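Okay, here's what each chain looks like letter by letter:
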Amino acid sequence: MQLSVVAARLSSLRTGSGLSMKSAAQAAGLNTSTIFRIEHGLVAPREGTVRTLLELYGEGEHTPRLLSLLREERIPGWYDAPGVPLRLSAFLELEDQAEIVYTYCPQQVPPLLQTPAYALSAALAALPAGATYEQAARAAGLVAVRQRVLDRHRGPHLWAVLDRPALLDPPLGRSEDRIDQLDALAKAVKQPHLAVQVARPVRESGYLYQGPPFTLLRFAGRDRPDALVLHLLHAPIVIEDRRRVEEHQQAFARLSLSALPVEVTAGVLNEIRMTLPA
């Protein structure tokens, strides 16, 4: 199974880079037939060949991720599918395995709580120059797949702290879409495995977090340490350094303690909802 996943990923990356089998083979110093056999799972590629091809496709920094499948060091999951950007795969695997997810996203509703319209609008607003609508649609579709983890039996508990500006200035143009997102959040706060808080203004809380959006992941096994994910411009960065994890645990604790209680979140959402035209 791992071989077929590696084959599909390499094929997807090649086509995504705009290279034919012949041109990829020439650039990598291989025969076209070798590329064909690798991409069809007929032969296991050498590790050196995987490194060469990933460098050619602009994904060299993610080589260890694909090699871990080739070496059968882990079982592939949905996050290893060709349609999932390789730069997101490691984070999505950890999110899928987590027992508790703590997240703080100052500028937006966290993806796990976004409606389809919000996910698409957010993806469109974040598109880099030259990107296409189809890329935004794929990103929004990936958000929907990620959200399935919350509906899964024994899925993770989610604890999110939101900033009020993220609710007042969403990337949604239509009033009905904004109402749908607020209603979705109001429904979420009623779920026993979901906790959503709205941050107080800094002038009231006395705490200003200075850093990128982040997620903390806690796992079931006692011998498995928590992981920190920093959501940076181009890709999430997974950090397991204990000191940095603890710093962000303390930051999240302060954010949560200084935010409005979970019990009043529904009321805050309703107040915002009442300001919108029906």
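The preceding data block contains the structure.
Now for a look at the structure at hand. Computed from a prediction, not measured in an experiment: that's the story for all the values here.

Some details on the overall build of the chain
Stage number 1. Helix and strand counts for the chain come out as 13 helices and six strands.
Stage number 2. Considering only C-alpha atoms, the chain reaches an extent of 65 × 45 × 35 Å along its principal axes.
Stage number 3. Counting every position in the chain, which comprises 278 residues, the buried fraction comes to 46%.
Stage number 4. Counting contacts in the chain only where the partners sit at least 6 residues apart, residues at least 24 apart contribute 67% of the total.
Stage number 5. Looking at the chain as shown, the accessible area adds up to about 15,000 Å², and 53% of this sits on carbon and sulfur atoms.
Stage number 6. One finds the centroid of the 30 positive side-chain charges in the chain at a distance of 2 Å from the centroid of its 29 negative side-chain charges.

Re helix H2 (residues 21–28)
Since one α-helical turn is 3.6 residues long, residues separated by three or four positions face the same way.
Stage number 1. Within H2 the residues assigned to the buried category are Met21, Ala24, Ala25 and Ala28. Projected down its long axis, H2 carries its buried residues within an arc of 100°, all on one side. Opposite the buried face of H2, by more than 90 degrees, sit the exposed residues Lys22, Gln26 and Ala27.
Stage number 2. Where the residues of H2 are buried, they touch helix H1 (2–16), helix H3 (32–39) and helix H4 (47–56).
Stage number 3. Note on H2: the residue one or two positions beyond its end, Gly29, has a positive phi of about 75°.

Topic: the sheet that holds strand S3 (residues 194–198)
Stage number 1. One open sheet accounts for six strands, arranged S3-S2-S1-S4-S5-S6; its pairing is mixed. Of all the strands in the sheet, just S3 and strand S6 (236–239) have a single pairing partner and so form its edges. When strand polarity is set aside, the average angle formed by the axes of neighbouring strands in this sheet is 15°.
Stage number 2. Across the face of the sheet, helix H12 (residues 242–258) comes into contact with strand S1 (100–105), strand S2 (157–162), S3, strand S4 (214–218), strand S5 (227–231) and S6 while running at roughly 105° to S4.

With respect to the pairing of S6
Across a regular strand the side chains alternate sides, sitting on one face of the sheet and then on the other.
Stage number 1. Here four bridges tie S5 to S6, and the two strands are oriented antiparallel to one another. Within the sheet, the bridge partner assigned to Val229 lies in S6 and is Val238.
Stage number 2. Hairpin connection of S5 to S6: four residues between the antiparallel strands.

Some thoughts on H1
Stage number 1. With 15 residues, H1 should cover 21 Å at 1.5 Å per step; its first-to-last C-alpha distance of 21 Å lies within 8% of that length.
Stage number 2. If you check which residues of H1 are buried, you get Gln2, Val5, Val6, Ala7, Arg9, Leu10, Leu13 and Arg14.
Stage number 3. Buried positions along H1 lie against H2, H3, H4, helix H5 (63–70) and helix H6 (86–97).

Looking at the nonpolar core
Stage number 1. If you look at the biggest cluster of nonpolar residues, it comprises 38 residues, and the most contacted ones within it are Leu92, Leu113, Leu158, Leu167, Leu185 and Leu217.
Stage number 2. Going through the elements one at a time, H6, helix H7 (116–125), helix H8 (133–151), S2, helix H10 (175–188), S3, S5 and helix H13 (265–274) are the ones with two or more residues in this core.
Stage number 3. Counting residues in hydrophobic clusters, the runner-up holds 18 residues, among them Met21, Leu53, Leu54 and Leu86.

Examining the pattern of salt bridges
Stage number 1. Under the definition given, this model contains 16 salt bridges.
Stage number 2. Residue Arg174 pairs with Asp177 through a salt bridge whose shortest N-O separation is 3.1 Å.
Stage number 3. Since its relative accessible area comes to 49%, Arg174 is described here as partly exposed.
Stage number 4. Owing to a relative accessible area of 14%, Asp177 belongs among the buried residues under this scheme.
Stage number 5. Through salt bridges with shared partners, a single network forms among Glu47, Arg51, Arg71 and Glu73.

Cut-offs and rules
Residues numbered from 1 in each chain as written. Predicted model: local features only at pLDDT ≥ 70, side-chain atom pairs only at ≥ 80, totals over all residues. Heavy atoms only, no water. Helix = DSSP H or I, 4+ residues; strand = E, 2+ residues; numbered from the N terminus. Buried < 20%, exposed > 50% of the residue type's maximum accessible area, 1.4 Å probe, protein only. Contact = heavy atoms within 4.5 Å. Areas by Shrake-Rupley, 256 points an atom, 1.4 Å probe, with all protein chains shown as cover. Lys, Arg positive; Asp, Glu negative; His and termini not counted. Charge placed at Lys NZ, Arg CZ, Asp CG, Glu CD. Arc of directions from axis to C-beta. Pairing = 2+ DSSP bridges. Axes fitted to C-alpha atoms, helices over the stretch in contact; angles between N-to-C directions. Expected span 1.5 Å × (residues − 1). Core = buried A, V, L, I, M, F, W, Y, C linked by side-chain atoms within 4.5 Å. Salt bridge = Lys/Arg side-chain N within 4 Å of Asp/Glu carboxyl O.

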